[in-house]
Amino acid sequence: MDHPPLTKRYGFFRCKNCKRQWESANIFCVKNTKKVFFGQRCAKCEDSVNPYKTENLCCPRCGNDDCICSDDDNHRHVNPGKPHRSELCEKCLAGYRCDEEPKKWCRRCRIHQPCRC
């Protein structure tokens, strides 16, 4: 199954079933919207949960919300040493691995990188 173009966002979660709360920098929304496409499962009760609030990941290098800088630089309350919980990630569970490098969009020539600029 193909999915629409996605953008990574920062999300705030609250499980309705067990009331557990958490934050995550691995939220995937339909590009140019706040519509969550892949949520997460609660670590306590394993219910599927969408964030109640999402924010743009601001790039610390250039300061832009939507940039073509390395995704390695997009950190907000993120511990880089913390392992990704793929068993709770609905994107991973759907067969789309989060650890794969996303294609970068070149604003100048309007194609996915690597581009011809």
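Residues numbered from 1 in each chain as written. Predicted model: local features only at pLDDT ≥ 70, side-chain atom pairs only at ≥ 80, totals over all residues. Heavy atoms only, no water.

1. Here's the deal with the overall build of the protein chain
Turning to step 1, where the next piece is worked out: Helix and strand counts for the protein chain stand at one helix and eight strands.
Turning to step 2, where the next piece is worked out: Written out in order from the N terminus, the α and β elements of the protein chain read β-β-β-β-β-β-α-β-β.
Turning to step 3, where the next piece is worked out: Scored against the burial criterion, the 117 residues of the protein chain give a buried share of 31%.
Turning to step 4, where the next piece is worked out: In the protein chain, 47% of the contacts between residues at least 6 apart in sequence involve partners at least 24 apart.
Turning to step 5, where the next piece is worked out: In the structure as shown, the protein chain presents an accessible area of about 8,300 Å², 46% of it carried by carbon and sulfur atoms. (Helix = DSSP H or I, 4+ residues; strand = E, 2+ residues; numbered from the N terminus. Buried < 20%, exposed > 50% of the residue type's maximum accessible area, 1.4 Å probe, protein only. Contact = heavy atoms within 4.5 Å. Areas by Shrake-Rupley, 256 points an atom, 1.4 Å probe, with all protein chains shown as cover.)

2. Side note on the nonpolar core
Turning to step 1, where the next piece is worked out: Membership of the largest hydrophobic core is limited to nine residues, which are F13, C15, C18, W22, I27, C29, V36, C42 and V49.
Turning to step 2, where the next piece is worked out: Among the elements that line this core, the one with the most residues is strand β2 (residues 21-30), at three residues.
Turning to step 3, where the next piece is worked out: Setting aside anything within four residues of it in sequence, one finds C18 in contact with C42, K44 and C45. (Core = buried A, V, L, I, M, F, W, Y, C linked by side-chain atoms within 4.5 Å.)

3. Observations concerning the sheet that holds strand β6 (residues 53-56)
Turning to step 1, where the next piece is worked out: The strand order across the open sheet built from four strands is β3-β2-β1-β6, with neighbouring strands paired in antiparallel fashion. Two strands bound the open sheet, and with one partner strand each, they are β3 (36-38) and β6. Ignoring strand direction, the axes of neighbouring strands in this sheet form an average angle of 50 degrees.
Turning to step 2, where the next piece is worked out: By the bridge criterion, two bridges tie β2 to β3 in an arrangement that is antiparallel. Pairing of C29 across the sheet is with V36, part of β3. (Pairing = 2+ DSSP bridges. Axes fitted to C-alpha atoms, helices over the stretch in contact; angles between N-to-C directions.)

4. Concerning the confidence of the model for the protein chain
Turning to step 1, where the next piece is worked out: Of the residues in the protein chain, 62% reach a pLDDT of 70 or more, and the chain-wide mean stands at 75.
Turning to step 2, where the next piece is worked out: When mean pLDDT is taken per element in the protein chain, strand β5 (residues 48-49) scores highest with 95 and strand β8 (residues 111-112) scores lowest with 44.
Turning to step 3, where the next piece is worked out: Below pLDDT 50 for its whole length, residues 109-117 participates in 18 contacts with residues either more than four positions away or in separate chains. (pLDDT = per-residue confidence, 0-100.)

5. What to know about the state of the cysteines
Turning to step 1, where the next piece is worked out: On inspection of all chains with the given rule, the structure shows zero disulfides.
Turning to step 2, where the next piece is worked out: C42 forms no disulfide, and the closest cysteine sulfur to it belongs to C18, at a distance of 3.5 Å. (Disulfide = S-S within 2.5 Å.)

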